[in-house]
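One-letter residues, chain by chain:
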Amino acid sequence: LDTMKTYFLCLSVLLAQKKFIYHYKNMRWAKGRHETYLCFVVKRRVGPNSLSFDFGHLRNRSGCHVELLFLRLLEAGALYSVGLCYSVTWFCSWSPCSDCSYRLAQFLSQTPNLRLRIYVSRLYFCDPEDSSAREGLRMLQRAGVQITVMNYEDYFYCWQTFVACRQRVFKAWDGLHQNSVQLARKLNDILQPGEAEDWGDAFELLGL
DNA sequence: ATTTTCAAT
């Protein structure tokens, strides 16, 4: 019960502006981001024409990745009860590691009444083409998860929704758009493997 | 060109 109280306490607090900027900045070399934040919205269908919402944020704690903390929260019944339809959208500062992807896919296969959409600010350990993190993302996609790289609008939305912004308008950092485009391209390569080679083949065929 | 990563000290 105390654990649950702690969770609810965490959920009720808005993120500090500096913390949000620091951890969600989508720069290529995100030095020192040894924490991961997860901002979420849980939409619940409680009647034919009515929805209820929960929102908040979590961060990883004591060696537990934030995605698994979120799953624990769901499983503890804090945000979830059987028989209702859910849609969960979360905005994470790092993309999930392979292990979290695996566990999420497992969870989702047992929970058909839950839809998950994941927005990520940066890609976690996805540089090598054969990395398990990349494979994990593909597994999530096959499990029906929509994975997207955050863009300006997404940061804007998060700022309004999860940050103690006190009516201060979100101000983009240098390179936000460029970095987002680059990361989106990379994620696209990860999720649609083979496309690049197809192009290569096409060029070869055309003698280019 | 190169740099980092849900830490470990």
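Since this is a predicted model, take the numbers as computed values, not measurements.

### Overview of the overall build of chain A
Here's step 1: Regarding its fold elements, chain A presents eight helices and five strands.
Here's step 2: Along its sequence from the N terminus, chain A presents helices and strands in the succession α-α-β-β-α-β-α-β-α-β-α-α-α.
Here's step 3: The buried share of chain A, reckoned over its 208 residues, is 45%.
Here's step 4: Restricting the contact set of chain A to residue pairs at least 6 apart, pairs at least 24 apart contribute 71%.

### Details of the protein's contact with DNA strand B
Here's step 1: Taken together, 21 residues lie around DNA strand B, and W29, T36, S95, Y124 and D127 are the ones closest in.
Here's step 2: A distance of 2.9 Å separates a sugar or linking oxygen of DNA strand B from a polar atom in the side chain of N60.
Here's step 3: Within the backbone of F125, an N or O atom sits 2.9 Å from a base oxygen of DNA strand B.
Here's step 4: Looking at the surface near DNA strand B residue by residue, the classes come out as nine nonpolar, six polar and six charged.

### Looking at the pattern of salt bridges
Pairing is possible between side chains of opposite charge, provided their charged atoms come close.
Here's step 1: Per the counting criterion, the structure on display carries seven salt bridges.
Here's step 2: Here D99 and R103 are joined by a salt bridge, their closest N and O atoms 3.3 Å apart. Linking D99 with R103, this pair stays in helix α4 (residues 98-109), spanning four residues, or about one helical turn.
Here's step 3: Exposure remark for D99: the relative accessible area of 36% places this residue in the partly exposed category.
Here's step 4: Between R142 and E135 there is a salt bridge; the shortest N-O distance is 3.3 Å.
Here's step 5: Overlapping salt bridges, with partners in common, bring together R28, D127 and K186 in one network.

Scoring rules and cut-offs
Residues numbered from 1 in each chain as written. Chains lettered and ligands numbered in written order. Predicted model: local features only at pLDDT ≥ 70, side-chain atom pairs only at ≥ 80, totals over all residues. Heavy atoms only, no water. Helix = DSSP H or I, 4+ residues; strand = E, 2+ residues; numbered from the N terminus. Buried < 20%, exposed > 50% of the residue type's maximum accessible area, 1.4 Å probe, protein only. Contact = heavy atoms within 4.5 Å. Near = heavy atom within 4 Å. Polar contact = N/O pair within 3.5 Å; in protein donor to acceptor, adjacent residues only side chain to side chain. Nonpolar A, V, L, I, M, F, W, Y, C, P; charged D, E, K, R; others polar. Salt bridge = Lys/Arg side-chain N within 4 Å of Asp/Glu carboxyl O.

These results come straight from atomic positions and should not be treated as a statement about function.
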